[in-house]
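So you can see what is in the structure, the chains are spelled out below.
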Amino acid sequence: MRIVFATNNKNKLAEIREMLAGSGIEVLSLADIGCHDDIPETADTLEGNALQKARYIHEKYQMNCFADDTGLEVTALGGAPGVYSARYAGGKGHDSEANMAKLLAELEGKADRTARFRTVVALITDDGEKLFDGIVTGCITEERRGGEGFGYDPIFRPDGYDKTFAELGHEVKNKISHRARAVAKLVDHLKTLA
């Protein structure tokens, strides 16, 4: 089965391909299908953004596809940055360093550092639309730790571990992460279609 992953994030694409290795599912990138568009993400929920991206590709290219949106939800900040995680610090593009700096500054002096990562995957095939979600709970560390991963990985420590995602490395993260959990549900569903 061939399916398009509607993302321009090379890190997410590599992560998904690694997770689906050996599954018989070939994941195509936007570049593979000749799409160089800046796909809109204007919804105010993770579900809305994931569906918006998947629908855009499905309507324009008539290909089975999926898209995801991920948010870091911090308890002490009322669930922020949430749907705005990638552009939390403002400015243009996705500036992980600025996003982490802003988050750490806002949590300074706060005792409650609990947080969760949530990923929603929207799948569109000839059978219609489906949503899958994955959640991992943990906490925000007081400083950056580790050199692997991307986004907020250096400051998010998942429950049950004494290391951040950036310290755990891809192999461990790809087994326990929010995206891994959502993608596992996606893969189980795709196997029923194959």
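Report follows, based on the coordinates. Residue positions are counted from 1 within each chain, in the order its sequence is given. Given that the model is predicted, a residue must reach a pLDDT of at least 70 before its local features are reported, and side-chain atom pairs must reach 80 or more before they are shown or counted; all residues, however, enter totals for whole chains, interfaces and linings. No hydrogens and no water enter the side-chain calculation; it runs on all heavy atoms of the structure.

**Considerations on the pattern of salt bridges**
By convention in these notes, a salt bridge is any Lys or Arg side-chain nitrogen within 4 Å of a carboxyl oxygen on Asp or Glu. If you walk through the whole model with that rule in mind, you get 16 salt bridges. Between Glu41 and Lys53 there is a salt bridge, with its nearest N and O atoms 3.4 Å apart. Residue Glu41 is located in the loop between β2 (26–28) and α2 (46–61), and its partner Lys53 is located in helix α2; the two are separated by twelve residues in the primary sequence. Here Asp68 makes a salt bridge to Arg179, at a shortest N to O gap of 3.3 Å. Here Asp68, found in strand β3 (residues 65–74), pairs with Arg179, found in helix α5 (residues 178–193); they are 111 residues apart in sequence, far enough to count as distant. Taken together, the shared-partner salt bridges connect Lys12, Glu15, Asp68, Asp153, Lys173 and Arg179 into one network. Going along the chain from the N terminus, every DSSP run of H or I of four or more residues is numbered as a helix, and every run of E of two or more is numbered as a strand.

**A word on the packing of helix α1 (residues 10–20) against α5**
For the pair α1 and α5, interaxial distance at closest approach is 11 Å and the crossing angle is 50°. Compared by their axis directions, α1 and α5 come out oblique. As α1 runs across α5, the sense of the crossing is right-handed. Of the residues in α5, those touching α1 at Lys12, Glu15, Ile16, Met19 and Leu20 are Arg179, Ala180, Val183 and Val187. Under the convention adopted here, Pro, Cys and the residues Ala, Val, Leu, Ile, Met, Phe, Trp and Tyr are nonpolar, Asp, Glu, Lys and Arg are charged, and Gly plus all remaining residues are polar. Of the residues that constitute the contact of α1 with α5, the class distribution is six nonpolar, no polar and three charged. In this analysis, axes come from line fits to C-alpha atoms, helices being fitted only over the stretch in contact, and the angle between any two N-to-C directions falls in the range 0 to 180 degrees. Just so you know how the angles are binned, under 35 degrees is roughly parallel, over 145 roughly antiparallel, 65 to 115 roughly perpendicular, and the rest oblique. Put simply, a crossing is left-handed when the front helix is turned counterclockwise from the back one by less than a right angle, and right-handed when it is turned clockwise. Residues are treated as being in contact if the distance between any of their heavy atoms lies within 4.5 Å.

**A word on the side chain of Thr164**
Residue placement: Thr164 occurs in the loop between β7 (156–158) and α4 (165–176). A distance of 2.7 Å separates a polar side-chain atom of Thr164 from the backbone oxygen of Arg145. Excluding its chain neighbours within four sequence positions, the residues that come into contact with Thr164 are Thr141, Arg145, Asp153, Pro154, Ile155, Phe156, Arg157 and Pro158. Nitrogen and oxygen atoms within 3.5 Å of one another constitute a polar contact, given that in protein one can donate a hydrogen and the other can accept it, and given that sequence-neighbouring residues count only through two side-chain atoms.

**A word on the packing of aromatic side chains**
Two rings from Phe, Tyr or Trp (for Trp, the six-membered ring) form a pair when their centres sit within 6.5 Å of each other. Planes less than 30 degrees apart are called stacked, planes more than 60 degrees apart edge-to-face, and all others tilted. Going through the model one piece at a time under the given rule, you end up with four aromatic pairs. For the ring pair Phe5 and Phe66, a centre distance of 4.6 Å and an interplane angle of 15° mean the geometry is stacked. Of this pair, Phe5 sits in strand β1 (residues 2–5) while Phe66 sits in strand β3, and the two are 61 residues apart along the sequence. Buried means the residue's accessible area, taken with a 1.4 Å probe over protein chains only, is under 20% of the maximum for its type, while exposed means over 50%, and partly exposed covers the values in between. A relative accessible area of 0% places Phe5 in the buried class.

**Quick word on the pairing of β3**
When you tally the buried positions in β3, you get ten out of ten residues, the bulk of the element. When DSSP finds at least two bridges between two strands, those strands are taken to pair. Taken together, the ten bridges between β3 and strand β5 (residues 114–125) define a ladder with antiparallel strand orientation. In the strand pairing of β5, Thr70 is matched with Thr119.

**A word on the environment of Thr137**
When you line up the elements, Thr137 lands in strand β6 (residues 128–140). Judged by relative accessible area, Thr137 falls into the partly exposed class, the value being 39%. In this structure, the C-alpha to C-alpha distance between Thr137 and Arg17, residues 120 residues apart in sequence, is 24 Å. When neighbours within four sequence positions are excluded, Thr137 is seen to be in contact with Ala115, Arg116, Phe156, Pro158 and Asp159.

**Section: the layout of surface pockets**
Of the grid points, spaced at 1 Å and generated over the protein atoms alone, those admitting a 1.4 Å probe that cannot get out make up cavities, while open sets with protein on both sides within 12 Å along at least five of seven lines make up pockets; any residue with an atom within 4 Å of a point is treated as lining. Grid points are joined across faces, edges and corners, and a volume is the space filled by probe spheres set on the points. Here the largest pocket is characterised by a volume of approximately 970 Å³. Looking at the lining of the largest pocket element by element, the count peaks at four residues for β3. Its residues assigned to classes, the lining of the largest pocket comprises nine nonpolar, 14 polar and ten charged.

**Re α2**
Residue count minus one, scaled by 1.5 Å, sets the expected span of a helix. The terminal C-alpha atoms of α2, which comprises 16 residues, lie 23 Å apart, in line with the 22 Å expected from a rise of 1.5 Å per residue. For α2, the secondary structure elements touched by its buried residues are β1, β3, β5 and β6. One or two steps after α2, the chain reaches Gln62, where phi turns positive at roughly 50°.

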